[in-house]
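Notes for the structure review
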Amino acid sequence: MMTTKKEKKEQAAASVYTVGQLAEVSEKLFGTDKIIVKAALKTSGKETFTEHEAVKIVNAFRKKEVK
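In this text, all values refer to a predicted model and were calculated from it rather than measured experimentally.

1. A word on the overall build of the protein chain
For the protein chain, the count of helices and strands is five helices and two strands. Along the chain direction, N to C, the helices and strands of the protein chain fall in the order α-β-α-α-α-β-α. Sorting the 67 residues of the protein chain into buried and exposed places 24% on the buried side. The long-range share in the protein chain, meaning contacts at least 24 apart out of those at least 6 apart in sequence, stands at 50%. When the accessible surface of the protein chain is split by element, carbon and sulfur atoms take 54% of a total near 5200 Å².

2. Regarding the environment of Ser 15
With respect to the element layout, Ser 15 can be found in the loop between α1 (5–13) and β1 (17–18). Separated by 35 residues in the primary sequence, Ser 15 and Thr 50 place their C-alpha atoms 5.9 Å from one another. Look past the residues within four positions of Ser 15 in its chain and what remains in contact with it is Phe 49, Thr 50 and Glu 51.

3. Notes on helix α5 (residues 51–63)
With 13 residues, α5 should cover 18 Å at 1.5 Å per step; its first-to-last C-alpha distance of 18 Å lies within 8% of that length. Within α5 the residues assigned to the buried category are Glu 53, Ala 54, Ile 57 and Val 58. End-on view of α5: buried residues confined to an arc of 120°, all on one side of the axis.

4. Some words on the packing of helix α4 (residues 34–42) against α5
Relative to each other, α4 and α5 sit at 100°, their axes nearing to 9 Å. Regarding the angle of α4 to α5, the classification is roughly perpendicular. For the pair α4 and α5, the contacting residues are Ile 36, Val 37, Ala 39, Ala 40 and Leu 41 in the first and Ala 54, Ile 57, Val 58, Phe 61 and Arg 62 in the second. Taken together, the residues that form the contact of α4 with α5 break down as nine nonpolar, no polar and one charged.

Reading guide: rules and limits
Residues numbered from 1 in each chain as written. Predicted model: local features only at pLDDT ≥ 70, side-chain atom pairs only at ≥ 80, totals over all residues. Heavy atoms only, no water. Helix = DSSP H or I, 4+ residues; strand = E, 2+ residues; numbered from the N terminus. Buried < 20%, exposed > 50% of the residue type's maximum accessible area, 1.4 Å probe, protein only. Contact = heavy atoms within 4.5 Å. Areas by Shrake-Rupley, 256 points an atom, 1.4 Å probe, with all protein chains shown as cover. Expected span 1.5 Å × (residues − 1). Arc of directions from axis to C-beta. Axes fitted to C-alpha atoms, helices over the stretch in contact; angles between N-to-C directions. Parallel < 35°, antiparallel > 145°, perpendicular 65-115°, else oblique. Nonpolar A, V, L, I, M, F, W, Y, C, P; charged D, E, K, R; others polar.

All we've got here are geometric facts, nothing functional implied.
Below, the structure written as structure tokens:
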């Protein structure tokens, strides 16, 4: 996943959250279960995320085809 210069600047200014923190607000922020958020974010290999980053990762994860 490549990060653009604009995204890097936004990340530097934005708050950063852990997987657990994001999972706690999973229904409100992502409209899905905690387990989905945890699985999506853990597969990214990172430990902390901005809200924008997390939303992109979780949405992409939810759209993946189940094999």
